[in-house]
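One-letter residues, chain by chain:
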Amino acid sequence: MSEQNRLGVFKTYKLYVGGKFPRSESGRVYEVTDSKGAWLANVPQSSRKDARDAVVAARKAFGGWSGATAYNRGQVLYRVAEMLEGRKEQFAREVAASEGLSKSKAAAVVDAAIDRWVWYAGWTDKIGQISGGANPVAGPFFNLSTPEPTGVVAVLAPQKSSLLGLVSVIAPVIATGNTAVVIASADAPLPALSLGEVLATSDVPGGVVNILSGATAELAAPLAAHQDVNAIDLTGADAELAKELEIAAADNLKRVLRPLPAEADGSDPSTDWLAAPGTHRLTAFLETKTVWHPTGALGASGSSY
């Protein structure tokens, strides 16, 4: 068959839930266009049922992921960076189309996203050193504080930064042992859905990251009110939606992370998300467990040891 008669194979984008690639249970799709309004793809429009299924998958995966050693989680995150490195050209095309960037700027964004994965991979076995330790107490006790993951975290990905911002909110959540239900950018979901393919072919266990596409407000509302969701990241919500979600999240005392001013939706993703991320996202979804242990009876010398 000659080249001019060949029909191209369009990519079918699907959700990523529990390590699998389902379509939305509602059967709905919506059109995604580039910055100039040209059609790019049809993607699933997730429903509330999809959101609940993602929470079930995230909860099922939490025990194994949180119980893995920090060193092992670091290896897994580094593997994700390796897989992204091998698909740089695809992601550069999707980022360029989604965000209206030139090829060179899109390539720089993809490079930064890969570097961000590596950066967080290096923090997995070090965050405990800055958020825990031995506490000085009066009395014959050892007093030790250690960080532990919060649980299932709902993440509203940035609306403007379709890959670098997305990676910047997902990686710290799972680096610290949490599992995530991610709502991709409503207008630019393609890099997020492709990231699901990378996660599936890396060493990240199914259910650790679950990625939904669709209307942010429609999906965020049931997640904010869900009793089995332990925390929510509001980065991708506007001020009005964020207020509604905070009220819903208060019902089961969810941890709520509000975006920094530099991460606001209206800001330029090429500058804000390229900045050094710091550790505030690593510590945002950690709980501190403190253990007291007696050292033994003090003798005349002042210690039993």
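Relevant structure appears above.
Below is a short write-up of the structure. It should be emphasised that the depicted structure is a prediction, and the values quoted were computed from it without experimental measurement. (Residues numbered from 1 in each chain as written. Predicted model: local features only at pLDDT ≥ 70, side-chain atom pairs only at ≥ 80, totals over all residues. Heavy atoms only, no water.)

### Here we look at the sheet that holds strand 4 (residues 141–149)
Pairing within the open sheet is antiparallel, and its three strands lie in the order 3-4-10. On the outer flanks of this sheet lie strand 3 (133–134) and strand 10 (286–294), each paired with one strand and no other. Where strand 4 and strand 10 come together, nine bridges link them in antiparallel fashion. Residue pairing in the sheet places Glu 148 in a bridge with Glu 287 of strand 10. (Pairing = 2+ DSSP bridges. Helix = DSSP H or I, 4+ residues; strand = E, 2+ residues; numbered from the N terminus.)

### Things to note about the packing of helix 2 (residues 70–85) against helix 7 (residues 190–200)
The description of two helices packed together rests on the angle between their axes and the distance between the axes. Remark: helix 2 packs on helix 7, axes separated minimally by 9 Å, with the N-to-C direction vectors making an angle of 120 degrees. For the element pair helix 2 / helix 7, the angle class is oblique. Of the two possible hands of crossing, helix 2 and helix 7 adopt the one that is right-handed. Along the contact surface, helix 2 presents Val 80, Met 83 and Leu 84, while helix 7 presents Leu 195, Val 198 and Leu 199. (Axes fitted to C-alpha atoms, helices over the stretch in contact; angles between N-to-C directions. Parallel < 35°, antiparallel > 145°, perpendicular 65-115°, else oblique. Left-handed = near helix turned anticlockwise from the far one by under 90°. Contact = heavy atoms within 4.5 Å.)

### Things to note about the pattern of salt bridges
Counting across every chain of the model gives 13 salt bridges. Between Glu 197 and Lys 11 there is a salt bridge, with its nearest N and O atoms 3.2 Å apart. Pair noted here: Glu 197 is in helix 7 and Lys 11 is in the segment before strand 1 (29–33), with a separation of 186 residues, a long-range link. On the accessibility criterion, Lys 11 (33% relative accessible area) is partly exposed. Across the pair Lys 88 and Glu 85 runs a salt bridge, and its minimum N-O distance is 3.5 Å. According to the relative accessible area criterion, Glu 85 is partly exposed, its value standing at 42%. One continuous salt-bridge network, built from bridges that share partners, spans Lys 11, Arg 87 and Glu 197. (Salt bridge = Lys/Arg side-chain N within 4 Å of Asp/Glu carboxyl O. Buried < 20%, exposed > 50% of the residue type's maximum accessible area, 1.4 Å probe, protein only.)

### Remarks on the packing of helix 8 (residues 216–225) against helix 9 (residues 239–249)
Their axes nearest at 8 Å, the elements helix 8 and helix 9 cross at an angle of 20 degrees. Taken together, the axes of helix 8 and helix 9 lie roughly parallel to each other. Crossing of helix 8 against helix 9: the hand is right-handed. Across the interface between the two elements, Thr 216, Ala 217, Ala 220, Ala 221, Ala 224 and Ala 225 from helix 8 touch Leu 241, Leu 245, Ala 248 and Ala 249 from helix 9.

### Digging into the packing of aromatic side chains
All chains considered together, the criterion is met by four aromatic pairs. Relative to Phe 21, the ring of Tyr 16 lies with its centre 5.2 Å away and its plane at 40 degrees, an arrangement referred to as tilted. With a centroid separation of 5.0 Å and an interplanar angle of 85 degrees, the aromatic rings of Trp 119 and Tyr 120 are classed as edge-to-face. When its relative accessible area of 33% is taken as the criterion, Trp 119 is described as partly exposed. By relative accessible area, which is 0% here, Tyr 120 ends up buried. An aromatic cluster is built from Trp 119, Tyr 120 and Trp 123, whose rings are joined through pairwise contacts. (Phe/Tyr/Trp six-rings, centres within 6.5 Å; stacked < 30°, edge-to-face > 60°.)

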